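Each chain, written out:
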Amino acid sequence: MMFKPLQSRRHFLHAGLFLAGMSAVAVGKTLSDYRSQAVEDLQKRSFEVSGQGSLKKRAAAIGLIYGAATMRPYLADLDFSSSFIRECGILAPENELKWDALRPSPSQFDFRNADWLLGFARRNSMLFRGHTLVWHMQLPQWFKEVVNHQNAEKFLQEHIATVTKRYAGQMHSIDVVNEAIEPADGRRDQLRKTPWLEFLGPDYIEFAFRTAAAYDSKAILVYNELGLEYDTADGDARRNAVLKLLERLKSKGTPIHALGIQSHLVGHSIPFNSDKLRKFLASVASLGLKILITELDVVDQKLALDFAIRDRIVAARYQDYLKVVLRERAVIAVLTWGLSDRYTWHSSYNPRKDLAPVRPLPLSNSLKRKLAWNAMAIAFDQAPKR
Ligand code: G3I
């Protein structure tokens, strides 16, 4: 399937102006630098893919797992679920394994939706990954009234034990702790000020991993984090803080097996340094950890309205990012956060000012393979075997 390079002058101009407009964050570049380099890049990429093989198949050919996060209501859409079955080799519940979904009350668990998703995955020969046992968001309403310094450890232990025991042996991997780093919170250890930190201190992270390992000896236990992708001061701080956390956990013999890099990329111009990212991935791998790309998508909120331009820029972001991360053989899985523009969190969380539909994912709203799909297929086809 081949997509023609941008032909019309209007497209070039649009692309140059919009890219240049978004390049304000990258200092020192002039308009003409961006216009010529960016449009040149956009124009020359053909995104040509050989064959019709699914992303799942192309990933498997290099020993990689590809899949996506989704939700039970989305899979009731039969056109969508058949696309999901065709393209995905692993399923992650987008929300059904979070505290607010599982815990209607302090003494109850409701696994119906998570169980249904596990059943869907098994019926369709997919792996299943959990997200997430410990997070500071999507805590149930009762949490702040009930959980305190005295009982927090009991609640955390019971939650992790109950969930991991239930799915023991059936989870490829699980995000044990999510987003525990926040340099802006000003702590020396760069930890995010969350209720878990407040009630249990920094050791809550090690405690969570040890508890999960006690009930599921098979699942890959993952620390999942955001904001690790770009060459910014914030990205530097987050990568350094994550490395220090992983080193601390490993030095104590914590049963942690992998780092999850969320990879919510941006379509507009932002400094991206492939060497810096590659070095970070190598440092993580040198700790004996695997790496999963856990929530990949490309927000197009600030890009041109024109689909032909927007899709090409988004596809280029996918291709350039995956080319770097897949050179690291410790990367064992890539999941997009959703599969189709029909169902993406960006629609509500990052809508466009012009209210046009967002286009962050490999399949379009009408479930057609977009340039982003091609970009991922090319990246998988060209990556070294794991
Ligand atoms: O389930 C309720 C439903 O009963 C209610 O009618 C509806 C309207 O209020 O809300 C539903 O809950 C929503 C939930 O998604 C399930 O759809 C919440 O309001 C909404 O806030 C929640 O958003 C999720 C978001 O995390 C919460 O922070 C997104 O779907 C989900 O994609 C997003 O995922 C996170 C990852 O877990 C961690 N990494 C970042 C990523 C994007 O924010």
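Rules used throughout
- Residues numbered from 1 in each chain as written.
- Predicted model: local features only at pLDDT ≥ 70, side-chain atom pairs only at ≥ 80, totals over all residues.
- Heavy atoms only, no water.
- pLDDT = per-residue confidence, 0-100.
- Contact = heavy atoms within 4.5 Å.
- Near = heavy atom within 4 Å.
- Polar contact = N/O pair within 3.5 Å; in protein donor to acceptor, adjacent residues only side chain to side chain.
- Areas by Shrake-Rupley, 256 points an atom, 1.4 Å probe, with all protein chains shown as cover.
- 1 Å grid on protein atoms, 1.4 Å probe; cavity = no way out; pocket = protein on both sides within 12 Å on 5 of 7 lines; lining within 4 Å.
- Sits in = over half its atoms within 2 Å of the grid points.
- Points joined across faces, edges and corners; volume = space filled by probe spheres on them.
- Nonpolar A, V, L, I, M, F, W, Y, C, P; charged D, E, K, R; others polar.
- Buried < 20%, exposed > 50% of the residue type's maximum accessible area, 1.4 Å probe, protein only.
- Helix = DSSP H or I, 4+ residues; strand = E, 2+ residues; numbered from the N terminus.
- Pairing = 2+ DSSP bridges.
- Phe/Tyr/Trp six-rings, centres within 6.5 Å; stacked < 30°, edge-to-face > 60°.
- Lys NZ or Arg CZ within 6 Å of the ring centre and 35° of its normal.
- Core = buried A, V, L, I, M, F, W, Y, C linked by side-chain atoms within 4.5 Å.

## Description of the confidence of the model for the protein
Alright, step 1. On average, residues of the protein carry a pLDDT of 92, and 89% of them reach 70 or more.
Alright, step 2. A low-confidence stretch, residues 1-36 (pLDDT under 50), is modelled with 64 contacts involving residues beyond four sequence positions or located in other chains.

## Considering the site of the ligand
Alright, step 1. Taken together, 16 residues form the shell around the ligand, and within it Glu94, Lys98, His131, Glu295 and Tyr349 come nearest.
Alright, step 2. Within the side chain of Lys98, a nitrogen or oxygen atom sits 2.6 Å from an oxygen atom of the ligand.
Alright, step 3. At 3.1 Å from a nitrogen atom of the ligand is found a side-chain nitrogen or oxygen belonging to Gln262.
Alright, step 4. For the ligand, whose free accessible area comes to 800 Å², the fraction covered by protein is 54%.
Alright, step 5. The site holding the ligand turns out to be the largest pocket.

## Topic: empty space enclosed by the protein
It is the rolling of a water-molecule-sized probe over the atoms that shows where space remains empty.
Alright, step 1. Applying the stated criterion across every chain yields a total of one cavity of 30 Å³ or more.
Alright, step 2. Computed from the structure, the largest cavity encloses a volume of approximately 40 Å³.
Alright, step 3. Lining of the largest cavity is provided by Val134, Trp135, His136, Val177, Asn178, Glu179, Ala180, Thr194, Trp196 and Tyr204.
Alright, step 4. Of the residues belonging to the lining of the largest cavity, the class tally is six nonpolar, three polar and one charged.

## Quick word on the pairing of strand E5 (residues 220-225)
Alright, step 1. In terms of residue burial, E5 counts as a mostly covered element, since six of its six residues are buried.
Alright, step 2. Of the pairings in the sheet, the one linking strand E4 (residues 173-178) to E5 comprises five bridges and is parallel in character. Looking at E5, one finds that Ile174 is bridged to Leu221.
Alright, step 3. Strand direction decides the pairing type here: E5 and strand E6 (residues 258-261), joined by four bridges, are parallel. Bridged to Glu225 within E6 is Ile261.

## Regarding the layout of surface pockets
Alright, step 1. The volume enclosed by the largest pocket comes to roughly 790 Å³.
Alright, step 2. In terms of residue class, the lining of the largest pocket is built from 12 nonpolar, 13 polar and seven charged.

## A look at the packing of aromatic side chains
Ring pairs (aromatic) are described by centroid distance and by the angle formed between their planes.
Alright, step 1. Considering all chains together, one arrives at 18 aromatic pairs under this definition.
Alright, step 2. Ring geometry for Trp142 against Phe143: centres 6.3 Å apart, planes inclined by 40 degrees, an arrangement best described as tilted.
Alright, step 3. The class of Trp142 is buried, set by a relative accessible area of 9%.
Alright, step 4. Put simply, the rings of Tyr74, Phe80, Phe84, Trp116, Phe120 and Tyr343 touch in pairs and so form one group of aromatic residues.
Alright, step 5. Just above the ring of Phe109 sits the side chain of Arg103; from NZ or CZ to the centre is 3.9 Å.
Alright, step 6. When the ring centre of Phe307 is taken as reference, the NZ or CZ atom of Arg359 above it lies at 4.0 Å.

## Details of unusual backbone geometry
Alright, step 1. Residue Thr132 follows His131 across a cis peptide bond; omega there is -5 degrees.
Alright, step 2. Here Ser263, not a glycine, exhibits a phi torsion of approximately 65 degrees, which is positive.
Alright, step 3. Structurally, Ser263 can be placed in the loop between E6 and strand E7 (264-266).
Alright, step 4. Given the relative accessible area of 0%, Ser263 is considered buried.
Alright, step 5. Despite not being glycine, Leu355 has its phi angle at roughly 60 degrees, a positive value.
Alright, step 6. With respect to the element layout, Leu355 can be found in the loop between helix H15 (346-349) and helix H16 (371-382).

## Some points on the environment of Arg72
Alright, step 1. Tracing the chain through its elements places Arg72 in helix H4 (residues 72-75).
Alright, step 2. Sequence separation between Arg72 and Asn95 is 23 residues, and the spatial gap between their C-alpha atoms is 9.4 Å.
Alright, step 3. With residues near it in sequence (within four places) discarded, Arg72 still touches Glu96, Arg112, Asn113, Trp116 and Leu117.
Alright, step 4. A polar atom in the side chain of Arg72 sits 3.0 Å from the side chain of Asn113.

## Concerning the nonpolar core
Alright, step 1. Among the nonpolar cores identified, the biggest contains 111 residues, and Tyr66, Phe84, Val177, Tyr223, Leu326, Val334 and Phe380 are the most heavily contacted of them.
Alright, step 2. If you tally residues by element for this core, the top one is helix H14 (residues 307-325), at 10 residues.
Alright, step 3. Apart from the residues within four sequence positions on either side, Phe380 is in contact with Leu55, Arg58, Ala59, Ile62, Leu64, Tyr66, Leu322, Leu326 and Val334.
Alright, step 4. Residues Ile65, Ile90, Ile220 and Leu335 belong to the second largest nonpolar core, which totals 12 residues.

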